[in-house]
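Structural overview
For reference, the chains in residue letters:
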Amino acid sequence: VGVVWDAPGEFDDFVRSRHAALLRFAHLICGDSHQAEDLVQEALERAGLRWRSIRRPEDPEPYVRRIIVNAHLSFARRRRRERLVAETPEPTAPDVPERDEQLWRAVAGLPPRQRAVLVLRYYEDLTEAEAARVLGCSIGTVKSNGFRAVAKLRAALPAQETTPTGGER
Amino acid sequence: MTSIEDDLRRIFTDPRRDVPAWPDAAERIRSGMRRRHRRRITIGAASATFATLIAVAVTVGVVRGPTVPNTPVGTPSLSLSGVGPVPWRDILPYVPPATQLDQRQSASPCRGGELSGGGGSTGAAAGTQFHIIKVRNTGSHRCTLAGRPELLYTEPGTGTRIAQTSPVDYFAAAAANATPATIDPGESAWLDLETYGGCFTNPGQAHVILTGNVLRLADGSVVPLASTLDATCGIGMSEWFRPTPEAAMLPWTPLVVTITAPATARMGQPLEYVVTLSNPADTPIAITPCPNYTQTLASQGATIGGGVTRQLNCVVDTVPGRGAVQFEMRLSVPSGFMDDHRVSLQWALSFGDSAEPMPSATVFLTLEP
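Here the structure is a predicted model, which means the values were calculated and not measured.

**A closer look at the overall build of chain B**
Helix and strand counts for chain B come out as five helices and 24 strands. When the 369 residues of chain B are sorted by exposure, 49% land in the buried category. About 15,700 Å² of surface is accessible on chain B, with carbon and sulfur atoms providing 54% of the total.

What follows is the structure in structure tokens.
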């Protein structure tokens, strides 16, 4: 006999159809495929237990992504004090151009909040205001984190680009 | 030439960075939800007693009102009737041996005439209201209550209707051989009815209240349920199950919990507060077997740092009739928490996998850096 709380079969459909995209999103947010699985597991469990309250007003996926982002930022803050050794680097993806690999590693080296801003802005295509709502911070904080992140990436990569950073859409 | 923004869009969408999908995604998440649900039940079940025949007192006020203060109560009051609280001691939780009920072959179905109400209990955890329905075999031979009865209610103007219910199995699955409920004369079968909160999309949403509720058994007889059921967010129903002996004998489940805690706590610092166990009855209530308790900080329904379970310092083993005993409590507040600084502090008695809803209370605190 299955256990049913707030989540009907519709929730299972959501999990099956969207978990792969959520895994990818979490991977971008945290930079680690194993931690991404933990984040998605946590977010979906929490969403499932509140399914009836989150599915009606709007698409539940933004809610789940917000849990993923905040859980990662919270985790990163806790772990900052505990980290004694360097991160184990993610294995290099096969056949990735060198510049892309350099950029990936540079993004991985950003502080979690700066990284999250980049993912929300350039993967999710959120506006600065939307990203601020997800992160629970001000638009100014999103702007400053995005600006610093891009500046660090520019400094970390060989000179190549000429296009200036875009502003709020 | 490309901009860094374009480069970012490209690497973020590069399929070579995909994390492999899960072949069993839905079951994997359901399994995790079961674990969370069980933790919530363990840490969060509140109780209030009721004495009427199979009376299911379902109003929120009964479940939450007198036992769960909604606001923190300033500085702890350290005495009651001139007696100080029992000091806090860090005692590892008692783990009762795994329950294995004796194997029983199914007997003939129990009939309404052989059953009587033996009372019940209600509790709440994480927005879920539990109503444990108890019926006793008053006949002269062993009988079996199997599966789930129908829940009937009365709809004004159209008469009796069958309510939709969803299967739940936590309590019934807590012990081996608990279902079906094959009970000897004098023994009770239990059933868990659950109603839920958390499905509201606006504050003015009307509740769906079921009245005239009865459980219809396989032989057509009915067990009346007093009061009403709030079906706004659905109703869950377990199978009839046989409770473990421990669940049937815990004398302290009628105790009422009150938390007296400071309005604010500091992250990374111990939180000290006082729990009061009050006896609403005239006769003394024994605090034996000595229960465990779980204290949990949670934000938006998610536990912060995991619940902490310890055994109560049972140097006082009885709560006098209409009296109370206070216990000092201590909890380490995690640091680095950043979601929402408004958190709930839940405190609940517990004992193994008992099916009985446990006394508990919740207050709200503000965490400060």
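**Section: helix α2 (residues 33-49) of chain A**
With 17 residues, α2 of chain A ought to run about 24 Å at 1.5 Å a step, and its terminal C-alpha atoms sit 25 Å apart, in line with that. Summarising burial for α2 of chain A: 14 of the 17 residues are buried, a large majority.

**Description of helix α1 (residues 4-12) of chain B**
Considered for burial, the residues of α1 of chain B that qualify are Ile-4, Glu-5, Asp-7, Leu-8, Ile-11 and Phe-12 of chain B. One face of α1 of chain B carries all of its buried residues, which in axial projection span an arc of 160°.

**Focus on the packing of helix α5 (residues 98-108) of chain A against α1 of chain B**
The interhelical angle for the contact between α5 of chain A and α1 of chain B, taken along N-to-C directions, is 90°, at an axis separation of 10 Å. Relative to α1 of chain B, α5 of chain A is oriented roughly perpendicular. Mapping the contact onto sequence places Arg-99, Asp-100, Leu-103, Trp-104 and Val-107 of chain A in α5 of chain A and Ile-4, Asp-7, Leu-8, Arg-10, Ile-11 and Phe-12 of chain B in α1 of chain B. Classifying every residue of the contact of α5 of chain A with α1 of chain B by side-chain character gives seven nonpolar, no polar and four charged.

**Side note on the pairing of strand β16 (residues 270-278) of chain B**
Residues and elements named next belong to chain B. Sheet analysis places strand β14 (residues 256-260) next to β16, joined by five bridges and oriented antiparallel. From the neighbouring strand, Ile-259 faces β16, where its bridge partner is Val-275. Strand direction decides the pairing type here: β16 and strand β22 (residues 324-332), joined by nine bridges, are antiparallel. The residue bridging Pro-270 from the neighbouring strand is Ser-332, located in β22.

**Observations regarding the pattern of salt bridges**
For the coordinates displayed, the defined rule picks out 28 salt bridges over all chains. As a salt-bridge pair, Arg-24 of chain A and Asp-18 of chain B come within 2.3 Å of each other at their nearest N and O atoms. Remark: Asp-18 of chain B occurs in the loop between α1 and α2 (25-44) and Arg-24 of chain A occurs in helix α1 (residues 9-30); the pair is interchain, linking two chains. The exposure class assigned to Arg-24 of chain A is buried, which follows from its relative accessible area of 7%. For Arg-28 of chain B, the salt bridge goes to Glu-37 of chain A, with nearest N and O atoms at 3.9 Å. Here Arg-28 of chain B, found in helix α2, pairs with Glu-37 of chain A, found in helix α2, and the two come from separate chains. By sharing partners, the salt bridges in this structure join Asp-102, Arg-104, Arg-142, Asp-184, Glu-187 and Arg-242 of chain B into a single network.

**Quick look at the nonpolar core**
Among the nonpolar cores identified, the biggest contains 54 residues, and Ile-68, Val-69, Leu-118 and Leu-153 of chain A together with Leu-8 and Phe-12 of chain B are the most heavily contacted of them. The element that contributes the greatest number of residues to this core is α1 of chain A, accounting for ten residues. Not counting residues within four places of it along the chain, the set of residues in contact with Val-69 of chain A comprises Phe-25, Ile-29, Ala-116, Leu-120, Val-134 and Leu-135 of chain A. Val-275, Leu-345, Met-358 and Ala-361 of chain B belong to the second-largest nonpolar core, a separate cluster that totals 36 residues.

**Here's the deal with the side chain of Asp-14 of chain B**
In this fold, Asp-14 of chain B is placed in the loop between α1 and α2. The buried category is assigned to Asp-14 of chain B, whose relative accessible area is 9%. Leaving out residues up to four positions away in the same chain, Asp-14 of chain B has contacts with Arg-24 and Val-96 of chain A.

**Let's talk about the state of the cysteines**
All names here are of chain B. One pass over the full model with this rule turns up two disulfides over all chains. One disulfide bridge connects Cys-110 with Cys-143, the sulfur atoms lying 2.0 Å from each other. An S-S torsion of about 90° defines the bridge between Cys-110 and Cys-143 as right-handed. Residue Cys-110 is found in the loop between α3 (60-64) and β2 (115-125), and its partner Cys-143 is found in strand β4 (residues 143-145); the two are separated by 33 residues along the sequence. For Cys-110, a relative accessible area of 4% gives the class buried.

**Looking at the packing of helix α6 (residues 112-122) of chain A against α1 of chain B**
For the pair α6 of chain A and α1 of chain B, the least separation of the axes is 10 Å and the interaxial angle reads 85°. By the angle between their axes, α6 of chain A is roughly perpendicular relative to α1 of chain B. Across the interface between the two elements, Leu-118, Val-119, Arg-121 and Tyr-122 of chain A of α6 of chain A pack against Glu-5, Leu-8, Arg-9 and Phe-12 of chain B of α1 of chain B. Looking at the contact of α6 of chain A with α1 of chain B residue by residue, the classes come out as five nonpolar, no polar and three charged.

The rules behind each value
- Residues numbered from 1 in each chain as written.
- Chains lettered and ligands numbered in written order.
- Predicted model: local features only at pLDDT ≥ 70, side-chain atom pairs only at ≥ 80, totals over all residues.
- Heavy atoms only, no water.
- Helix = DSSP H or I, 4+ residues; strand = E, 2+ residues; numbered from the N terminus.
- Buried < 20%, exposed > 50% of the residue type's maximum accessible area, 1.4 Å probe, protein only.
- Areas by Shrake-Rupley, 256 points an atom, 1.4 Å probe, with all protein chains shown as cover.
- Expected span 1.5 Å × (residues − 1).
- Arc of directions from axis to C-beta.
- Axes fitted to C-alpha atoms, helices over the stretch in contact; angles between N-to-C directions.
- Parallel < 35°, antiparallel > 145°, perpendicular 65-115°, else oblique.
- Contact = heavy atoms within 4.5 Å.
- Nonpolar A, V, L, I, M, F, W, Y, C, P; charged D, E, K, R; others polar.
- Pairing = 2+ DSSP bridges.
- Salt bridge = Lys/Arg side-chain N within 4 Å of Asp/Glu carboxyl O.
- Core = buried A, V, L, I, M, F, W, Y, C linked by side-chain atoms within 4.5 Å.
- Disulfide = S-S within 2.5 Å.

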